[in-house]
Amino acid sequence: MNKNFFNSGNIIQIAYQVDDVVKSAKDWSKRFSIGPFFVNEHIKLMESKLKGVHEIYDHSSAYAWNNNIMIELICDHDGKLSSKNGLGGIHHIAWMASNFDEERSSLKSRGFEEVLYSRVQSRNGMQFSWYESDLGIKHFIEVYEESLDLINFYKYIEEISKSWNGKNPVRAISDIS
């Protein structure tokens, strides 16, 4: 068994729980000079299971880059999967798994409960899962199925942040060509 806590690699994202992704992205951009943020409202999922039960999960996110990590601002519209940290707190950390099923099994074998499993309608049906545990971690852990499409999305957000001049701090995800 791999003794590393994170089997597949580095933490590539930290997400904060907010009640309005557009307003929060504007605030973060102004206060921390992070941007631009790309907003994806009511993210389309082709499949989702909350604690193993097929159920629609409605959330919105805004994505930006800061130094070496993606910042996500996330709004859980139904409050079904809010973190224990509350608004403004860390919602989850994330990494990509080259073998998604193996990573899921590894986390479950270590006592992490899968609270969300989803497939997105975009990115060729990419899978992701969220986990929680009783280890005193008050935020979720998210694992993405690694794909070239997702890697390119991350690279795009990182690259555009390097040349961002502070203008147009909040953009629609559909602006990415």
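Everything that follows concerns the structure shown earlier in this document.
The following refers to the structure shown. Everything numeric in this text was worked out from a predicted model, so none of it was measured.

Let us look at the layout of surface pockets. In this structure, the second largest pocket occupies an estimated 160 Å³ of space. If you trace the second largest pocket, you find it lined by Tyr-16, Gln-17, Val-18, Asp-19, Asp-20, Lys-23, Ser-24, Asp-27, Trp-28, Leu-87 and Gly-88. Mapped by element, the contributors of at least two residues to the lining of the second largest pocket are strand 1 (13-17) and helix 1 (21-32). A total of four residues in the lining of the second largest pocket trace back to one element, the largest contributor, which is helix 1.

Let's shift gears to the side chain of Arg-171. Mapped onto the secondary structure, Arg-171 falls in strand 11 (residues 170-172). For the buried Arg-171, which has no salt bridge, the nearest side chain bearing the opposite charge is Asp-175, at an N-O separation of 5.9 Å. A distance of 2.8 Å separates a polar atom in the side chain of Arg-171 from the backbone oxygen of Asn-168. Filtering out sequence-adjacent residues up to four positions away, Arg-171 remains in contact with Pro-36, Phe-37, Phe-38, Val-39, Ile-160 and Trp-164.

Right, let's get into the pairing of strand 1. In terms of burial, strand 1 is a largely internal element, five of the five residues being buried. Both faces of strand 1 are covered, namely the face carrying Gln-13, Ala-15 and Gln-17 and the face carrying Ile-14 and Tyr-16. Where strand 1 and strand 6 (residues 69-76) come together, five bridges link them in parallel fashion. The partner of Gln-17 across the bridge, within strand 6, is Ile-74. Bridge count between strand 1 and strand 7 (residues 90-97): four bridges; the pairing is antiparallel. Bridge pairing links Ile-14 to Ile-93 in strand 7.

Let us now look at the packing of aromatic side chains. Scanning the entire structure with this criterion turns up twelve aromatic pairs. On the numbers, 4.9 Å between centres and 45 degrees between planes, the contact of Tyr-16 with Trp-28 is tilted. With a gap of twelve residues between them, Tyr-16 in strand 1 and Trp-28 in helix 1 connect regions that are remote in the sequence. In this pair, the class of Tyr-16 matches that of Trp-28, namely buried.

In terms of nonpolar packing, the biggest core is built from 27 residues, with Leu-81, Phe-128, Trp-130, Tyr-144 and Tyr-154 touching the most fellow members. Every element with two or more residues in this core is listed here: strand 3 (45-50), strand 5 (59-66), strand 6, strand 7, strand 8 (113-120), strand 9 (127-132), strand 10 (140-145) and helix 3 (148-162). At five residues, the largest contribution of residues to this core is made by helix 3. With residues near it in sequence (within four places) discarded, Tyr-154 still touches Ile-12, Gln-13, Trp-65, Met-70, Met-96 and Tyr-144. Core analysis: the next-biggest nonpolar cluster, separate from the first, contains 26 residues, Val-21, Leu-73, Trp-95 and Phe-100 among them.

A word on the sheet that holds strand 3. Paired through their backbone hydrogen bonds, the strands of a sheet run either parallel or antiparallel. Across the sheet, which stays open at both edges, the eleven strands sit in the order 4-3-8-9-10-7-1-6-5-2-11 with mixed pairing between neighbours. Edge positions in the sheet fall to strand 4 (53-54) and strand 11, since each has one partner strand and no second. Along the sheet, helix 1 makes contact with strand 1, strand 2 (37-40), strand 5, strand 6 and strand 11, crossing strand 6 at roughly 145 degrees. Its contacts with the sheet put helix 3 on strand 1, strand 2, strand 5, strand 6, strand 7, strand 10 and strand 11, and the angle it makes with strand 5 is roughly 55 degrees.

Time to look at helix 2 (residues 100-109). When helix 2 is considered as a whole, its buried residues turn out to be Phe-100, Glu-103, Arg-104, Ser-106 and Leu-107. The buried residues of helix 2 all sit within an arc of 165 degrees when viewed along its axis, so they share a single face. Exposed residues pointing more than 90 degrees away from the buried face of helix 2 are listed as Glu-102 and Ser-109. Elements in contact with the buried residues of helix 2: strand 7, strand 8, strand 9 and strand 10. The positive-phi residue at the C-terminal boundary of helix 2 is Gly-111, with phi of around 95 degrees.

Cut-offs used in this document
- Residues numbered from 1 in each chain as written.
- Predicted model: local features only at pLDDT ≥ 70, side-chain atom pairs only at ≥ 80, totals over all residues.
- Heavy atoms only, no water.
- 1 Å grid on protein atoms, 1.4 Å probe; cavity = no way out; pocket = protein on both sides within 12 Å on 5 of 7 lines; lining within 4 Å.
- Points joined across faces, edges and corners; volume = space filled by probe spheres on them.
- Helix = DSSP H or I, 4+ residues; strand = E, 2+ residues; numbered from the N terminus.
- Buried < 20%, exposed > 50% of the residue type's maximum accessible area, 1.4 Å probe, protein only.
- Lys, Arg positive; Asp, Glu negative; His and termini not counted.
- Salt bridge = Lys/Arg side-chain N within 4 Å of Asp/Glu carboxyl O.
- Polar contact = N/O pair within 3.5 Å; in protein donor to acceptor, adjacent residues only side chain to side chain.
- Contact = heavy atoms within 4.5 Å.
- Pairing = 2+ DSSP bridges.
- Phe/Tyr/Trp six-rings, centres within 6.5 Å; stacked < 30°, edge-to-face > 60°.
- Core = buried A, V, L, I, M, F, W, Y, C linked by side-chain atoms within 4.5 Å.
- Axes fitted to C-alpha atoms, helices over the stretch in contact; angles between N-to-C directions.
- Arc of directions from axis to C-beta.

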